[in-house]
Amino acid sequence: MNPILNKALSLNRLSPEEALFLLKDADWTCVVRTANAVRNARLPGHRVGYTVYQIINYTNVCSIHCEFCSFSKEKGEPGTYLLSLDKIREKAIHARSLGANQIFLQGGVDEDIQLDYYTDVLQMLTHELKMSVRGFSPVEIFHIAKTNGMDVPTLLKTLKAAGLSSVPGAGAEILADRVRAKLSPKKLTSLEWRDTLAECHKAGLPGSVNIVFGSFETPEEIIAHLDLLRALQDETKGIKSFVAWTFQKQTDHFPIRHVSPQEYLKLLALSRLYLDNIPHVEVSVLGMGKEIGELGLSSGADDINSIVIEENVLESRGIKSIGEAEEFIRKAGFTPYRRTLNFD
Ligand code: SF4
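Residues numbered from 1 in each chain as written. Predicted model: local features only at pLDDT ≥ 70, side-chain atom pairs only at ≥ 80, totals over all residues. Heavy atoms only, no water.

### Remarks on the pattern of salt bridges
Taken as a whole and judged by the stated rule, the model has 23 salt bridges. Across the salt bridge formed by Asp234 and Arg13, the nearest N and O atoms sit 2.8 Å from each other. Of this pair, Asp234 sits in helix α10 (residues 219-236) while Arg13 sits in the loop between α1 (3-9) and α2 (16-25), and the two are 221 residues apart along the sequence. Taking relative accessible area as the criterion, Asp234 reaches 37% and is therefore assigned partly exposed. Overall, the relative accessible area of 33% leaves Arg13 in the partly exposed class. Its salt-bridge partner being Arg257, residue Glu263 comes within 3.0 Å of it at the nearest N-O pair. Given a relative accessible area of 28%, Glu263 falls into the partly exposed group. You can call Arg257 partly exposed: its relative accessible area is 33%. A single salt-bridge network, built from bridges that share partners, covers Arg194, Asp195, Lys202 and Glu235. (Salt bridge = Lys/Arg side-chain N within 4 Å of Asp/Glu carboxyl O. Helix = DSSP H or I, 4+ residues; strand = E, 2+ residues; numbered from the N terminus. Buried < 20%, exposed > 50% of the residue type's maximum accessible area, 1.4 Å probe, protein only.)

### Structural notes on the nonpolar core
The biggest cluster of nonpolar side chains holds 113 residues, and the ones touching the most others in it are Leu105, Leu125, Phe136, Trp193, Phe242, Tyr264 and Ile304. No other element matches helix α11 (residues 261-274), which puts eight residues into this core. For Tyr264, the residues in contact, after removing those within four places along its chain, are Phe213, Ala244, Trp245, Thr246, Val259, Val283, Ser284, Met288 and Ile292. (Core = buried A, V, L, I, M, F, W, Y, C linked by side-chain atoms within 4.5 Å. Contact = heavy atoms within 4.5 Å.)

### Points about the sheet that holds strand β3 (residues 102-106)
In sheet architecture, strand pairing relies on hydrogen bonds along the backbone and comes in two forms, parallel and antiparallel. With parallel pairing, the four strands of this open sheet are ordered in space as β2-β3-β4-β5. If you trace the sheet from one side to the other, it starts and ends with β2 (53-57) and β5 (164-166), each paired once. Along the sheet, successive strands turn relative to each other by an average axial angle of 40°, direction set aside. Lying on the sheet, helix α4 (residues 85-97) is in contact with β2 and β3; it crosses β2 at an angle near 160°. (Pairing = 2+ DSSP bridges. Axes fitted to C-alpha atoms, helices over the stretch in contact; angles between N-to-C directions.)

### Observations concerning the confidence of the model for the protein chain
Per-residue confidence for the protein chain gives a mean pLDDT of 94, with 97% of residues at or over 70. Here residues 311-315 is a poorly scored stretch, pLDDT under 50, and it has 14 contacts once near neighbours within four places are set aside; other chains count. (pLDDT = per-residue confidence, 0-100.)

### A few points about the sheet that holds strand β7 (residues 239-246)
Strands sit in the order β6-β7-β8 across an open sheet of three strands; the sheet is parallel. Each having just a single partner strand, β6 (207-213) and β8 (280-283) make up the two edges of the open sheet. The mean inter-strand angle of the sheet, taken between neighbouring strand axes irrespective of direction, is 25°. The pairing of β7 with β8 spans four bridges and is classified as parallel. Bridge pairing links Ala244 to Val283 in β8. Its contacts with the sheet place α11 against β6, β7 and β8, and it is angled at close to 170° to β8.

### Considering the packing of aromatic side chains
Under the defined criterion, the tally for this structure stands at 11 aromatic pairs. A ring pair is formed by Tyr118 and Phe136, whose centres lie 5.4 Å apart and whose planes are at 90°; its orientation type is edge-to-face. In this pair, Tyr118 is assigned in helix α5 (residues 115-128) and Phe136 in the loop between β4 (132-135) and α6 (138-147), connecting sequence segments 18 residues apart. Residue Phe136 is classed as buried on the basis of its relative accessible area of 1%. Ring centres of Phe247 and Phe254 lie 5.0 Å apart, and the angle between their planes is 65°; on these two criteria the pair is classed as edge-to-face. Judged by its relative accessible area of 8%, Phe247 is buried. (Phe/Tyr/Trp six-rings, centres within 6.5 Å; stacked < 30°, edge-to-face > 60°.)

### Some words on empty space enclosed by the protein
If you walk through the whole model with that rule in mind, you get three cavities of 30 Å³ or more. In this structure, the second largest cavity occupies an estimated 60 Å³ of space. Lining the second largest cavity are Tyr58, Gly108, Val109, Asp110, Glu111, Ile113, Tyr118, Glu140, His143, Ile144 and Thr147. No other element matches the four residues that α6 contributes to the lining of the second largest cavity. (1 Å grid on protein atoms, 1.4 Å probe; cavity = no way out; pocket = protein on both sides within 12 Å on 5 of 7 lines; lining within 4 Å. Points joined across faces, edges and corners; volume = space filled by probe spheres on them.)

### Notes on the site of the ligand
Residues in close proximity to the ligand include Cys62, Ile64, His65, Cys66, Phe68, Cys69, Ser72 and Lys187, which together make up its full environment. In terms of residue class, the shell around the ligand is built from five nonpolar, two polar and one charged. (Near = heavy atom within 4 Å. Nonpolar A, V, L, I, M, F, W, Y, C, P; charged D, E, K, R; others polar.)

### Some points on the packing of α6 against helix α9 (residues 190-202)
Across the interface, α6 lies against α9 with an axial gap of 9 Å and an inter-helix angle of 85°. Considering the angle they form, α6 stands roughly perpendicular to α9. Contacts between α6 and α9 involve Pro138, Ile141 and Phe142 from the first element and Glu192, Trp193, Thr196 and Leu197 from the second. (Parallel < 35°, antiparallel > 145°, perpendicular 65-115°, else oblique.)

### Section: the side chain of Thr246
With respect to the helices and strands, the residue Thr246 is situated in strand β7. Those residues in contact with Thr246 that sit more than four places away from it in its chain are Val212, Phe213, Val259, Tyr264 and Met288.

### A look at unusual backbone geometry
Here Leu11, not a glycine, exhibits a phi torsion of approximately 60°, which is positive. Relative to the elements of secondary structure, Leu11 occurs in the loop between α1 and α2. We classify Leu11 as partly exposed; its relative accessible area is 36%. In this structure, His65 is a non-glycine residue whose phi angle is positive, near 55°. Here His65 lies in the loop between β2 and α4. Note on His65: relative accessible area 33%, which makes it partly exposed.

Here's what the structure looks like:
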């Protein structure tokens, strides 16, 4: 067997050079099989998690203009919106009636939204409706703080007091500044993103991280991305899970390439091997579909990253009910369990 895979199988940490070799040169089936064995060693019991949450995109106004994004609109353009407190309440109550007890709040960067809006929404969702809230990417956090003349730790303290319990590592895409300069020049740099998420973890707001690949990133940049996440987790221990996504076609001016199932599964498996300090790896059934989702559960993943009740950014290919999630997991040969967004 490849000595690098043997090292991973012994639960020893891989170097960036070893991970790069696996990504570029190793047979994908060997990487996948090793990741499955490592997943079983780290998480015995053949359990697979799912969760039920409602995504609420509170505004589509955004000044960041990512090249790949078709969701956002310029301030004043027709079709822009900012959801009122009543509308968000209505959506949350509907989600609750479908079995969700968690809300995932995310939106664009609109410098005109005042802090009171965010705290009112959080208080309503958590204090009045008793739901838990994961929300605001590091990009949103960074800009809400700036707009309101606060530093990030003070903002996080305020949002946490209003009810926020988790922050997703969204807006990462590829944490390599060469790529970020092209796909989203106004977004946070890799270091700004890292530092903002580290502040969230230090404030007691754990969450997830991800990778979005399938454009013009290089294998070296993918490994640098994973390495940044692993180092962040060594420092803060605030990352509960990692999920791999591919870019979905939203605009005509952002180059995306076809990612084969083999390429996706190999990256998912490599993430399980390299991110030895992140407990859970999620396969994106929503983004990749059920067939790859099922294969992902034998390629290092232990979670299906669903059920999402509403998603404006991505057309849903996911699982739509608790019964469907449990049946899907059982048919794949695992025991389902329902988790919270923070894997509590
Ligand atoms: S991806 Fe997010 S930050 Fe980028 S333009 Fe769309 S809404 Fe704005």
